[in-house]
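# Geometric and topological summary
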Amino acid sequence: MSHPALSADRTAVITGGASGIGLAAAMRFAERGMNVCIADIDEARLRDAAARLAAATKRGEAAVMTATVDVSSRDSVVALETAVRQRFGAIDVLMNNAGIQPGSRMLADDNWQRILGVNLWGIIHGAQVFAPGMIVQNKPALIINTGSKQGITTPPGDPAYNVSKAGVKAFTEALQHELRNTPGCQVTAHLFIPGFVFTPLTANGRVEKPAGAWTPEQTVDFMLERVAAGDFYVLCPDNDVPRALDERRILWAAGDIVENRPPLSRWHADYADAFAAFAKKSP
Ligand code: NAD
């Protein structure tokens, strides 16, 4: 099963496409015979990734484009869209995936602007700049935004990242609502929610994949299967966390409001036993 936008000779643009999950997605698209544009801020990574991509596709370099882009800059994203249209014409898949996780503290402003600039504004820029042109193409197309479980259950430790990814969730939900209410629109939006994936973002000096993590390729294969099935929420498991446990964690987080518990009660000592019992129950 596949999605028509993911067919040979269609075009995909992947931000953060020079590494990790984005590069694995670009490889899968290239293997299907699609044109791919990887857009990234890191030029050295782009060069390496382009060579790997060209080797993975029958059409070689003719099917591969690289673009040095800072997704936190709207002008940079506008220039990207123009350049891809000039090179390949229609754009069938936009994967808004660039992301950073340098760490943040609640009561210090270090990294907050940068994290929100890349992780949230990058996705807003991508959708606002690319979607109008994708809609008027009048054929099926996909916008896949990479969120995070940290934007849903918002665990303590990295508040700026959580805020950015909670924004990605809210933005992508509203985007899909807008697209499905746009007459004749064949573009759909999807919230891609990876689990723990071994990439440079999460490596922390490790060279071996931790047992609990999925590979980027596993994660992308899961995403492609679920998008083809029509899922909006592409909630990926990993080797530590099965879907059933994610579901309990998400329900518990929503339950903080419904049950009038303190926020983040999952990490509150008074609720430790109650959460542990809740997490064990099947839905
Ligand atoms: P990665 O570091 O391997 O790849 C991210 C890429 O984004 C890098 O190539 C980087 O150069 C690029 N980038 C950073 N800032 C940019 C900017 N301003 N403009 C353009 N490109 C920029 O990380 P990854 O793990 O593959 O992450 C991809 C996405 O998946 C991110 O949005 C991340 O938050 C999300 N995610 C990752 C995990 C995980 O466990 N790895 C889990 C959940 C969500």
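Residues numbered from 1 in each chain as written. Predicted model: local features only at pLDDT ≥ 70, side-chain atom pairs only at ≥ 80, totals over all residues. Heavy atoms only, no water.

### Notes on the pattern of salt bridges
What counts, and what does not: Salt bridges are identified by distance alone: a Lys or Arg side-chain nitrogen within 4 Å of an Asp or Glu carboxyl oxygen. Buried, partly exposed and exposed residues are distinguished by accessible area as a fraction of the type maximum, computed with a 1.4 Å probe on protein chains only: under 20%, between the cut-offs, and over 50%, respectively.
Inspection of every chain in the model, using the stated rule, returns 13 salt bridges. The residue Asp-42 makes a salt bridge to Arg-45 at a minimum N-O spacing of 3.7 Å. On the accessibility criterion, Asp-42 (28% relative accessible area) is partly exposed. When its relative accessible area of 34% is taken as the criterion, Arg-45 is described as partly exposed. Notably, a salt bridge pairs Arg-261 with Asp-256, separated by 2.9 Å at the nearest N-O pair. Here the two residues Arg-261 and Asp-256 agree in accessibility, since each one is buried.

### Comments concerning the pairing of strand S3 (residues 64-68)
Stated precisely, the cut-off is as follows: Strands are treated as partners if at least two bridges between them are detected by DSSP. Labels follow the DSSP assignment, with helices taken as runs of H or I lasting at least four residues and strands as runs of E lasting at least two, numbered in each case from the N terminus. For crossovers, right-handed means that the path from the first strand over the helix to the second runs clockwise, given strands pointing away from the viewer.
As judged from the 5 bridges shared by strand S2 (residues 35-40) and S3, these two strands associate in the parallel manner. Along S3, the bridge assignment pairs Asp-40 with Thr-68. Regarding topology, helix H2 (residues 43-56) serves as the crossover connection from S2 to the parallel S3, and that connection is right-handed.

### What about the packing of aromatic side chains?
Going by this rule: Side-chain rings of Phe, Tyr and Trp (the six-membered ring for Trp) are treated as a pair once their centres are within 6.5 Å; stacked means planes under 30 degrees apart, edge-to-face means over 60, and tilted covers the remaining angles.
Counted according to the given criterion, the structure contains 4 aromatic pairs. Both rings, one in Phe-232 and one in Tyr-233, keep their centres 4.6 Å apart while their planes meet at 90°; by these two values the pair is edge-to-face. Residue Phe-232 is classed as buried on the basis of its relative accessible area, which comes to 16%. Arranged with centres 5.4 Å apart and planes meeting at 75°, the rings of Trp-252 and Phe-275 form a pair that is edge-to-face. Linking Trp-252 in helix H8 (residues 243-258) with Phe-275 in helix H9 (residues 272-280), this pair joins segments that are 23 residues apart in sequence. Exposure remark for Trp-252: the relative accessible area of 5% places this residue in the buried category. One aromatic cluster is present, formed by Trp-252, Phe-275 and Phe-278 through successive ring pairs.

### Thoughts on the environment of Gln-113
Note that Gln-113 resides in helix H4 (residues 112-136). A relative accessible area of 70% places Gln-113 in the exposed class. C-alpha separation for the pair Gln-113 and Ala-160, spaced 47 residues apart in sequence, amounts to 8.7 Å.

### Some remarks on unusual backbone geometry
The phi dihedral of Thr-154 falls on the positive side, at around 40°, and the residue is not glycine. On the accessibility criterion, Thr-154 (26% relative accessible area) is partly exposed.

### Structural notes on the side chain of Asp-92
Note the threshold: Here a residue-residue contact requires only that any non-hydrogen atoms of the pair lie within 4.5 Å.
With respect to the secondary-structure elements, Asp-92 resides in the loop between helix H3 (74-88) and strand S4 (93-96). Residue class for Asp-92 comes out buried when judged on its relative accessible area of 1%. If near-sequence neighbours (up to four positions away) are discounted, Asp-92 is found in contact with Ala-5, Arg-10, Thr-11, Met-134, Gln-137, Lys-139, Pro-140, Ala-141 and Leu-142.

### So, the packing of H8 against H9
Just so we agree on the cut-off: Angles shown run from 0 to 180 degrees and are taken between the N-to-C directions of axes, each axis being a line fitted to C-alpha atoms and, for helices, limited to the stretch in contact. Orientation is classified from the angle alone, with under 35 degrees giving roughly parallel, over 145 giving roughly antiparallel, 65 to 115 giving roughly perpendicular, and any other angle giving oblique. Each crossing is labelled by how the near helix is turned from the far one, with a counterclockwise turn of less than a right angle marking it left-handed and a clockwise turn marking it right-handed. Throughout this entry, Asp, Glu, Lys and Arg are counted as charged residues, while Ala, Val, Leu, Ile, Met, Phe, Trp, Tyr, Cys and Pro are counted as nonpolar. The remaining residues, Gly among them, count as polar.
At a closest axis distance of 9 Å, the pairing of H8 and H9 adopts a crossing angle of 135°. Regarding the angle of H8 to H9, the classification is oblique. The two elements H8 and H9 meet at a crossing, and its hand is right-handed. Along its contact with H8, which presents Leu-245, Arg-248, Arg-249, Leu-251 and Trp-252, the element H9 presents Ala-274, Phe-275, Phe-278 and Ala-279. Among the residues making up the contact of H8 with H9, the classes are represented as 7 nonpolar, no polar and 2 charged.

### Topic: the domain arrangement of the protein chain
Using the following cut-off: Where each domain begins and ends is defined by an automated method or by a domain database. Summed over both partners, the accessible area lost on bringing two parts together, with a 1.4 Å probe, is the buried area.
On domain assignment, one finds that the protein chain holds domain 1 (11-240) and domain 2 (242-283). Here the C-alpha centre of domain 2 lies 29 Å away from the C-alpha centre of domain 1. Taken together, the contact between domain 1 and domain 2 spans 10 residues of the former and 9 residues of the latter. Across the interface of domain 1 and domain 2, roughly 840 Å² is buried in total on both sides, 70% from carbon and sulfur atoms. The largest contributions to the domain 1 side of the interface with domain 2 come from Thr-153, Pro-156 and Leu-235, which together make up 55% of the buried area. Taken together, the links from domain 1 to domain 2 amount to 1 salt bridge. Residue Asp-246 is joined to Lys-149 by a salt bridge in which the shortest nitrogen-to-oxygen separation is 2.7 Å.

### Describing the side chain of Lys-149
Considering the arrangement of structural elements, one finds Lys-149 in the loop between strand S5 (141-146) and helix H5 (159-180). Filtering out sequence-adjacent residues up to four positions away, Lys-149 remains in contact with Thr-154, Ile-193, Pro-194, Gly-195, Leu-235, Cys-236, Pro-237, Asp-238 and Asp-246.

### Here we look at the site of the ligand
The line we're drawing: Whether a residue is near a molecule or strand depends on its heavy atoms: if one lies within 4 Å, it is near. N or O atoms closer than or at 3.5 Å make up a polar contact, with two conditions inside protein: a donor-capable atom paired with an acceptor-capable one, and, for residues adjacent in sequence, both atoms drawn from side chains. We get accessible surface area from the Shrake-Rupley algorithm with a probe of 1.4 Å; when it comes to residues, only the shown protein chains can shield them.
Residues in close proximity to the ligand total 28 residues, the closest being Ser-19, Ile-21, Asp-40, Tyr-161 and Thr-199. In the environment of the ligand, a nitrogen atom lies 3.3 Å from a nitrogen or oxygen atom belonging to the backbone of Ile-41. Between an oxygen atom of the ligand and a main-chain N or O atom of Gly-195, the distance comes to 3.3 Å. For the ligand, whose accessible area on its own is 830 Å², the fraction buried by protein is 94%.

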